[in-house]
Protein chains: 2
Amino acid sequence: MTETASRPTLEAVAARAGVSRATVSRVVNGGEGVRETLVERVRRAVEELGYVPNQAARSLVTRRHDAVAVVIAEPETRVFADPFFALQLRGISKELTVHDSQLVLLLTEGREDYARVGRYLAGGHVDGALVFSLHLDDPLPGLIHGAGVPTVFGGRPGWSDGMRVNGPTVYVDSDNRGGAREAVRHLVGLGHTRIAHITGPLDQTCAVDRLDGFRDVMVDADPRLIVGSDFTPVGGERAMRELLERCPELDAVFAANDLSASGALRVLRERGRRVPEDVAVVGFDDMLPVAEQTDPPLTTVRQDIEEMGRLMARLLLRGLEQRGRDEQGSVGGAPSSVVLPTTLVRRASA
Amino acid sequence: MTETASRPTLEAVAARAGVSRATVSRVVNGGEGVRETLVERVRRAVEELGYVPNQAARSLVTRRHDAVAVVIAEPETRVFADPFFALQLRGISKELTVHDSQLVLLLTEGREDYARVGRYLAGGHVDGALVFSLHLDDPLPGLIHGAGVPTVFGGRPGWSDGMRVNGPTVYVDSDNRGGAREAVRHLVGLGHTRIAHITGPLDQTCAVDRLDGFRDVMVDADPRLIVGSDFTPVGGERAMRELLERCPELDAVFAANDLSASGALRVLRERGRRVPEDVAVVGFDDMLPVAEQTDPPLTTVRQDIEEMGRLMARLLLRGLEQRGRDEQGSVGGAPSSVVLPTTLVRRASA
């Protein structure tokens, strides 16, 4: 360790040259995108201090590009249609900006384009990736693994916690199962007995977890009261129609997100069912303004989506720093996954 | 030219290796992000054909990254709040996908982050940039110029057509002035005489052009009938309140976009003014579903926003190809700017 400690550090070069660590890093790694005068200053400082950009020192510089890719495993049309993604990106954008790292959102038309995303990730354009909305048979994790970029996932990936994708799997999630349990217990507490569930897409862990939470409480639920859907308002409408056909006597609905709850509410109104008198409805997300603007305003399970985005970015940047320190022999653990608590927000619908 | 013609071309190498031109390009430029087996095949083909990746041949390969940056000169929050940007991105995404080029959306919190965007653009991560929603005193064009990336602008930039930013200025725009004229003529044709205008942000050329179109028809417009706004629904509400205070006798409003028109309609309804009987309203954009869902549905000037995005991407890619051919001595012009026509869409509000 003495050898490493006695060597002039990157920080010392930055201080001597009067530039940021990032600038020294860029110069050491080829000087792309740095003004010639700055390159000159850094080179002079390197020479004066006898700084040797050896392998260990270079790997300390893990934020070589000061840029982080965000990949949402959904077609571009859905990224802009579902406010969930805008909120998550808001948190990511704020956090990356604090660390002067550029948010690089890689948009696609669909799964056919993922190979291209993998090539971009592998091409040395970003320091790491934030990936969310994975589906169970998604080719993205494999491509990310191949690209070799450190990654933090939004939502628990569908593989076992032991699996490694460029390091231990790190994710940020909400307590989907606990939140769902609380929603359904609330309905039970109000005296409802024929409680239906409109699921999210069951190739996503958050939807599976919410279904599990529903089942934790409704242990003997009539299978006709569970109907699959896709997190969209139109999907919620379709599911609600199907539920009313199957079980006209239902007295409550727990929808796996607010958008599908908004669709369910529209169908209930169409059919003349009063909410909450005839049918109580609870959503999930506390997506604003949606949850406040439904008729009636929606009781729902709040998860802090923006905070999830912020945490994903924070964990990734912390992991990048840790990697650098590890290679210098310092002690410290890689960041671990975080599961955020949820809270029930009571409005008029249940 | 004979020398160039007699040399084996990049295309020949691609054909011999059984890979795409882009793959040969990547290998020739260092092989980053290409599978080792493909690198090997390309190297063999290069050797067999005696291909020399000289400067001219290398500059033909202007799509080195198969990625295009999109920079919207607005904070991330506005990018996701205004459906205009989603539509333009939709067109860009479709067109880039056809050409297997990755859409790289660079998001910011605001103008303070533009230097970082400039660094990313200069860092050799993209083949070119699509930039829209520029404001008159925007530092972005200077940074883009410094970054040296070929760029196509969405909306006519506020400088004279002669100015060059990494080549001649190329932009895609709608006929904002002509469209505004048609909107106001329509109101005049309906017999309205006290016609007001809610402007867009006048540091953007599209807003200035629409104001000019309004003035072309209302040559002696009472200045109190023109009120500045910002393209948002809340801004439209504020502007409408101000107009009603200044000129309670107004009988028509031309709003510079549909979102501000939707705000104006809300205020008119609040104040008990019937639309179109008491006050006729025309918007601009034909933004769906907004324009159809206002009460009453909005008469507006349609511009094809998605097509604008598609054209921007097409012009950029064509320009990149042309650059390559130019350096090989072939004849051909750089793409020129395109101004798309607009059409009046009549609904119930005027």
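Procedures and definitions
Residues numbered from 1 in each chain as written. Chains lettered and ligands numbered in written order. Predicted model: local features only at pLDDT ≥ 70, side-chain atom pairs only at ≥ 80, totals over all residues. Heavy atoms only, no water. Helix = DSSP H or I, 4+ residues; strand = E, 2+ residues; numbered from the N terminus. Buried < 20%, exposed > 50% of the residue type's maximum accessible area, 1.4 Å probe, protein only. Contact = heavy atoms within 4.5 Å. Areas by Shrake-Rupley, 256 points an atom, 1.4 Å probe, with all protein chains shown as cover. Salt bridge = Lys/Arg side-chain N within 4 Å of Asp/Glu carboxyl O. Axes fitted to C-alpha atoms, helices over the stretch in contact; angles between N-to-C directions. Parallel < 35°, antiparallel > 145°, perpendicular 65-115°, else oblique. Left-handed = near helix turned anticlockwise from the far one by under 90°. Nonpolar A, V, L, I, M, F, W, Y, C, P; charged D, E, K, R; others polar. Phe/Tyr/Trp six-rings, centres within 6.5 Å; stacked < 30°, edge-to-face > 60°. Lys NZ or Arg CZ within 6 Å of the ring centre and 35° of its normal. Buried area = accessible area lost by both parts, 1.4 Å probe. Polar contact = N/O pair within 3.5 Å; in protein donor to acceptor, adjacent residues only side chain to side chain. Pairing = 2+ DSSP bridges. Least-squares fit on C-alpha atoms with pLDDT ≥ 70 in both.

**Q** It is not clear to me how the overall build of chain A should be interpreted in this structure. Could you clarify?
**A** Scanning chain A for helices and strands turns up 15 helices and 12 strands. Across the 350 residues that make up chain A, the buried fraction comes to 57%. Residue pairs at least 24 apart in sequence account for 71% of intrachain contacts in chain A once pairs closer than 6 positions are excluded. Accessible surface computed for chain A: about 14100 Å², of which carbon and sulfur atoms make up 50%.

**Q** Before we go on, may I ask you to explain the pattern of salt bridges in this structure?
**A** Inspection of every chain in the model, using the stated rule, returns 48 salt bridges over all chains. Of the charged contacts in the structure, one is a salt bridge between Arg90(A) and Glu76(B), with a shortest N-O distance of 3.6 Å. Here Arg90(A), found in helix α7 (residues 83–98), pairs with Glu76(B), found in helix α6 (residues 76–81), and the two come from separate chains. The class of Glu76(B) is buried, set by a relative accessible area of 1%. Here Glu242(A) ties to Arg246(A) by a salt bridge, and the two come within 2.6 Å at their closest N and O atoms. Of the two residues, Glu242(A) and Arg246(A) are both situated in helix α12 (residues 233–246); the distance of four residues between them amounts to about one turn of the helix.

**Q** What am I meant to see in the packing of helix α2 (residues 10–17) of chain A against helix α4 (residues 36–49) of chain A here?
**A** Two quantities define a packed helix pair, namely the angle between the helix axes and the distance between the axes. All names here are of chain A. Their axes nearest at 9 Å, the elements α2 and α4 cross at an angle of 120 degrees. It follows that α2 is oblique to α4 by the angle criterion. When you trace α2 past α4, the crossing you get is right-handed. Here Ala12, Val13, Arg16 and Ala17 of α2 come into contact with α4, specifically with Arg41, Val42, Ala45, Val46, Glu48 and Leu49. When grouped by side-chain class, the residues that make up the contact of α2 with α4 number seven nonpolar, no polar and three charged.

**Q** I would appreciate a short explanation of the packing of aromatic side chains in the present structure.
**A** The relative placement of two aromatic rings is captured by the distance of their centres and the angle of their planes. All names here are of chain A. Scanning all chains against the criterion turns up seven aromatic pairs over all chains. Ring centres of Phe84 and Phe85 lie 5.7 Å apart, and the angle between their planes is 85 degrees; on these two criteria the pair is classed as edge-to-face. Owing to a relative accessible area of 2%, Phe85 belongs among the buried residues under this scheme. An aromatic cluster is defined as three or more aromatic residues linked by ring pairs; in this entry it consists of Phe84, Phe85 and Phe132. Sitting over the face of the ring of Phe284, Arg210 holds its NZ or CZ atom 3.8 Å from the ring centroid.

**Q** Mind showing me how you'd approach unusual backbone geometry here?
**A** Residues other than glycine predominantly adopt negative phi, and peptide bonds predominantly adopt the trans conformation. Put simply, Asp295(A) and Pro296(A) share a cis peptide bond, and its omega is -5 degrees. Tracing the sequence through the fold places Pro296(A) in the loop between α14 (290–293) and β10 (299–302). A positive phi angle, close to 65 degrees, is found at Ser133(B), a residue other than glycine. Residue position: Ser133(B) is located in the loop between β3 (128–132) and α9 (140–147).

**Q** Can you walk me through the interface of chain A and chain B in this structure?
**A** It is common to give the size of an interface as the accessible area that goes away when the parts come together. Taken together, the contact pairs 35 residues of chain A with 35 residues of chain B. Taken together, the two surfaces of chain A and chain B that pack against each other cover about 3100 Å², and 52% of this comes from carbon and sulfur. Of all residues in chain A, Phe80(A), Gln102(A) and Arg116(A) bury the most surface against chain B, accounting for 21% of the area lost on that side. Our enumeration of links across chain A and chain B arrives at six salt bridges. Notably, a salt bridge pairs Asp100(B) with Arg119(A), separated by 3.0 Å at the nearest N-O pair. At the junction of chain A with chain B, the criterion picks out 17 residue pairs in polar contact (both at pLDDT 80 or more). Split by residue class, the side of chain A that touches chain B holds 14 nonpolar, 11 polar and 10 charged. Relative to strand β2 (residues 102–107) of chain B, strand β2 (residues 102–107) of chain A runs antiparallel, the two sharing five bridges. Residue pairing in the sheet places Leu103(A) in a bridge with Leu107(B) of β2(B).

**Q** Got a minute to help me understand the relation of the copies chain A and chain B in this structure?
**A** There are two copies of the chain, and a rotation about an axis plus a shift along that axis relates them. Relative to chain B, chain A is turned by 180 degrees and slid 0.0 Å along the rotation axis, the superposed coordinates differing by an RMSD of 0.1 Å. Seen this way, the second copy is the image of the first under a two-fold rotation axis. Relative to the rotation axis, the closest C-alpha in chain A is found at Leu105(A), a distance of 2.4 Å. Mapped onto chain B, 100% of the interface residues of chain A again fall at the interface, so both copies present the same surface.

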